Amino acid sequence: MAEKKTVTVRQTGSPIRRKSDQRATLQGLGLNRLGREVTLEDTPAVRGMIARVAHMVEVVEK
């Protein structure tokens, strides 16, 4: 069976003074602190969430 693709995301910006939907998107990605990294399955839904908060996260290449 093929291995699932993953994407690693690091939080680089603070959710302070951001809209509540952006805060909720960060929480949905599993991010809650600057510098925190999380590895997620690379799906269109996850990519859309990353795009919504692109100014507060970065995709890490490993």
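Everything below is about the structure printed above this text.
Below is a short write-up of the structure.

Looking at the pattern of salt bridges
Part 1 of the argument: Enumeration according to the criterion identifies four salt bridges in this entry.
Part 2 of the argument: For the salt bridge of E37 with R10, the shortest nitrogen-to-oxygen distance reads 2.7 Å. Placement of the pair is E37 in strand β2 (residues 37–41) and R10 in strand β1 (residues 6–11), with a sequence separation of 27 residues.
Part 3 of the argument: Several salt bridges converge on common partners, so that one network encompasses R10, E37 and E58.

Overview of unusual backbone geometry
Part 1 of the argument: The backbone of R17 shows a phi angle near 65°, a positive value even though the residue is not glycine.
Part 2 of the argument: Mapped onto the fold, R17 is located in the loop between β1 and α1 (20–29).
Part 3 of the argument: Looking at R17, the relative accessible area reads 82%, which means it is exposed.

A word on the sheet that holds β1
Part 1 of the argument: The strand order across the open sheet built from three strands is β2-β1-β3, with neighbouring strands paired in antiparallel fashion. Edge positions in the open sheet fall to β2 and β3 (57–60), since each of these has one partner strand only. Across the sheet, the mean angle from the axis of one strand to that of its neighbour is 35°, orientation sign disregarded.
Part 2 of the argument: The sheet contacts of helix α2 (residues 44–52) involve β1, β2 and β3, and relative to β1 the element is tilted by about 20°.

Focus: the nonpolar core
Part 1 of the argument: Core analysis: the biggest nonpolar cluster contains 12 residues, these being V7, V9, L26, L29, L31, V38, L40, V46, I50, V53, M56 and V57.
Part 2 of the argument: Excluding anything up to four places from it in sequence, V57 contacts V9, R10, Q11, T12, L26, L31 and I50.

Focus on α1
Part 1 of the argument: Along α1, the positions that sit buried rather than exposed are Q22, T25, L26 and L29. On an axial view of α1, the arc spanned by its buried residues comes to 100°, and they lie on one face. Across α1 from its buried face, at more than 90 degrees, point the exposed residues S20, Q27 and G28.
Part 2 of the argument: Looking at the buried residues of α1, the elements they touch are β1, β2, α2 and β3.
Part 3 of the argument: Trailing α1 by a residue or two, G30 shows a phi angle of about 90°, which is positive.

Reading the values: the criteria
Residues numbered from 1 in each chain as written. Predicted model: local features only at pLDDT ≥ 70, side-chain atom pairs only at ≥ 80, totals over all residues. Heavy atoms only, no water. Salt bridge = Lys/Arg side-chain N within 4 Å of Asp/Glu carboxyl O. Helix = DSSP H or I, 4+ residues; strand = E, 2+ residues; numbered from the N terminus. Buried < 20%, exposed > 50% of the residue type's maximum accessible area, 1.4 Å probe, protein only. Pairing = 2+ DSSP bridges. Axes fitted to C-alpha atoms, helices over the stretch in contact; angles between N-to-C directions. Contact = heavy atoms within 4.5 Å. Core = buried A, V, L, I, M, F, W, Y, C linked by side-chain atoms within 4.5 Å. Arc of directions from axis to C-beta.

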